[in-house]
Amino acid sequence: MRTAWYYGFMNNLLLTQKSFTTSDAVVQYWTNGNVGKPAVFFMHGAAMDHKMFDSQYAALNESYYIIAWDARGHGQSRPVQGKIGLHDLAQDCLGILDDLHISQVILLGQSEGGMIAQEVYRLQPSRVMAMVTIGASPIMLSYAKSDIWLLKCSTSIIKLWPYAHFMNALALKTALKKDVQQYAMQTVKNISKKDFLSIWEGVTNVLSYEGIAGMHITVPLLITYGDTDTTGTVRKNNQRWKAYEPAAELAVIPNAGHNANQDNPQFFNELVTAFLGKIRP
């Protein structure tokens, strides 16, 4: 296990870097070492990395055991090794929790990360204490054929799209704030087009016409999305999710795009801190 240090670019928070090795991947992850405090596992979105939660680490550092990763195929967990399907990513998360001897965890995921969190819950619901999602679609709901068709078409479109132009368009669509757009641009730039397509295909294969019959999330659930998020059908999907899980809390992050926690960190941090304050181990 490799140990190194990481200082968040928006704060001076010190995190320890470690690695988790499977038969076909080496996944880099970070912790703040607050063993014994409630654990929060941060899961970034597709093509992003652990740095997208810098402001959240600072807000939760004192009271929580922070765990964050670069999911396989992302950030420092490259090049892509093995599969990048939702099930494989969820198994990586569970493996890291086993390595850290964590029996229960709060999952906080943005976009694809929120989908991974749901798959972790599906596999081991007793392991999850609570869940927070940002711009993530629910994996258990059924989707219209038109929505699935558009998802499948997006992969073909990206294949034909000049990658430099695509990266710029993706960064602009991801966030409102210039510094967040620049972060997204730089992070995506570090991933080859071939690897990005592997990641994206993993995302597009998650949602289906049938959904997952009978799946409900019965732990405390906070569903959030940015008020200007125009990514796919995220807004509609989150509103449908709230109707499906009436006990869940739904919050719209003002002045925020898809990476809503980065566009409006103060609002998001206050929201999450209040939500987590109600969770009892």
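What comes next concerns the included structure. All values derive from a computational prediction rather than experimental measurement.

**So, the overall build of the protein**
Alright, step 1. Scanning the protein from N- to C-terminus turns up ten helices and nine strands.
Alright, step 2. A globule of 281 residues ought to have a C-alpha radius of gyration of about 19 Å, and the protein, at 17 Å, matches this closely.
Alright, step 3. Reported as C-alpha extents along the three principal axes, the dimensions of the protein are approximately 45 × 40 × 40 Å.
Alright, step 4. Buried residues in the protein amount to 57% of all 281 residues.
Alright, step 5. Taking as baseline every contact in the protein between residues at least 6 positions apart, the subset at least 24 positions apart corresponds to 74%.
Alright, step 6. For the protein, the computed accessible surface area is about 11,900 Å², with 55% contributed by carbon and sulfur atoms.
Alright, step 7. Between the averaged position of the 24 positive side-chain charges in the protein and that of its 22 negative side-chain charges there is a distance of 3 Å.

**Some points on unusual backbone geometry**
Alright, step 1. The step from Arg78 to Pro79 runs through a cis peptide bond, and the omega angle for that step is 5°.
Alright, step 2. Here Pro79 lies in the loop between β5 (65-70) and α2 (86-99).
Alright, step 3. With a phi close to 60°, His101 is a non-glycine residue in the positive phi region.
Alright, step 4. We classify His101 as exposed; its relative accessible area is 73%.
Alright, step 5. Despite not being glycine, Asn255 shows a phi value in the positive range, around 55°.
Alright, step 6. Position of Asn255 relative to the elements: it lies in the loop between β9 (249-253) and α9 (260-263).

**A short note on the pairing of strand β4 (residues 39-43)**
Alright, step 1. Within β4, five of the five residues are buried, which leaves it mostly tucked inside the rest of the structure.
Alright, step 2. Burial of the side chains of β4 extends over both faces: Ala39, Phe41 and Met43 are buried on one face and Val40 and Phe42 on the other.
Alright, step 3. Pairing of β4 with β5 involves four bridges; the strand directions are parallel. Residue pairing in the sheet places Val40 in a bridge with Ile66 of β5.
Alright, step 4. Following the backbone out of β4, through helix α1 (residues 54-60) and into the adjacent parallel β5, one traces a crossover that is right-handed.

**A short note on the packing of aromatic side chains**
Alright, step 1. Summed over the entire model, instances satisfying the criterion amount to nine aromatic pairs.
Alright, step 2. Measuring from centroid to centroid gives 5.0 Å for Phe42 and Tyr57, while their planes differ by 90°, and the two rings are edge-to-face. Placement of the pair is Phe42 in strand β4 and Tyr57 in helix α1, with a sequence separation of 15 residues. Pair check on accessibility: Phe42 and Tyr57 agree, each one buried.
Alright, step 3. Judged by centre distance (5.1 Å) and plane angle (65°), the ring pair of Phe166 and Phe196 falls under edge-to-face. With Phe166 in helix α5 (residues 163-174) and Phe196 in helix α7 (residues 193-204), the pair connects residues that are 30 residues apart, well separated along the chain.
Alright, step 4. A residue is classified by how much of its surface remains accessible, and Phe166, at 6% relative accessible area, is buried.
Alright, step 5. According to the relative accessible area criterion, Phe196 is buried, its value standing at 4%.
Alright, step 6. Aromatic rings pair up to connect Trp161, Tyr163, Phe166, Phe196 and Trp200 into one cluster.
Alright, step 7. The aromatic ring of Tyr143 is capped on one face by Arg240, whose charged end is 5.1 Å from the ring centroid.

**Considerations on the pattern of salt bridges**
Alright, step 1. Under the defined criterion, the tally for this structure stands at six salt bridges.
Alright, step 2. Residue Glu119 is joined to Arg122 by a salt bridge in which the shortest nitrogen-to-oxygen separation is 2.8 Å. In this pair, Glu119 and Arg122 are both assigned in helix α3 (residues 112-123), three residues apart and thus about one turn of the helix distant.
Alright, step 3. A relative accessible area of 38% places Arg122 in the partly exposed class.
Alright, step 4. Among the ionic pairs, Lys236 bridges to Asp147, the shortest N-O distance being 3.4 Å. Here Lys236 is found in helix α8 (residues 234-244), whereas its partner Asp147 is found in helix α4 (residues 145-160), with 89 residues between them in sequence.

**A short note on the environment of His44**
Alright, step 1. Inspection of the secondary structure puts His44 in the loop between β4 and α1.
Alright, step 2. Separated by 109 residues in the primary sequence, His44 and Cys153 place their C-alpha atoms 24 Å from one another.
Alright, step 3. Setting aside residues no more than four positions away along its own chain, His44 makes contact with Asp49, His50, Met52, Phe53, Trp69, Asp70, Ala71, His74, Gln110, Glu112 and Gly113.
Alright, step 4. Polar side-chain contacts of His44 include one of 3.4 Å to the backbone oxygen of Met48.

**Quick look at the nonpolar core**
Alright, step 1. Of all hydrophobic cores here, the largest spans 86 residues; its most connected members are Phe41, Trp69 and Leu107.
Alright, step 2. The dominant element in this core, judged by the number of residues it contributes, is α2, at seven residues.

Each value, and the rule that gives it
- Residues numbered from 1 in each chain as written.
- Predicted model: local features only at pLDDT ≥ 70, side-chain atom pairs only at ≥ 80, totals over all residues.
- Heavy atoms only, no water.
- Helix = DSSP H or I, 4+ residues; strand = E, 2+ residues; numbered from the N terminus.
- Rg over C-alpha atoms; globule rule 2.2 N^0.38 Å.
- Buried < 20%, exposed > 50% of the residue type's maximum accessible area, 1.4 Å probe, protein only.
- Contact = heavy atoms within 4.5 Å.
- Areas by Shrake-Rupley, 256 points an atom, 1.4 Å probe, with all protein chains shown as cover.
- Lys, Arg positive; Asp, Glu negative; His and termini not counted.
- Charge placed at Lys NZ, Arg CZ, Asp CG, Glu CD.
- Pairing = 2+ DSSP bridges.
- Right-handed = clockwise from strand over helix to strand, strands pointing away.
- Phe/Tyr/Trp six-rings, centres within 6.5 Å; stacked < 30°, edge-to-face > 60°.
- Lys NZ or Arg CZ within 6 Å of the ring centre and 35° of its normal.
- Salt bridge = Lys/Arg side-chain N within 4 Å of Asp/Glu carboxyl O.
- Polar contact = N/O pair within 3.5 Å; in protein donor to acceptor, adjacent residues only side chain to side chain.
- Core = buried A, V, L, I, M, F, W, Y, C linked by side-chain atoms within 4.5 Å.

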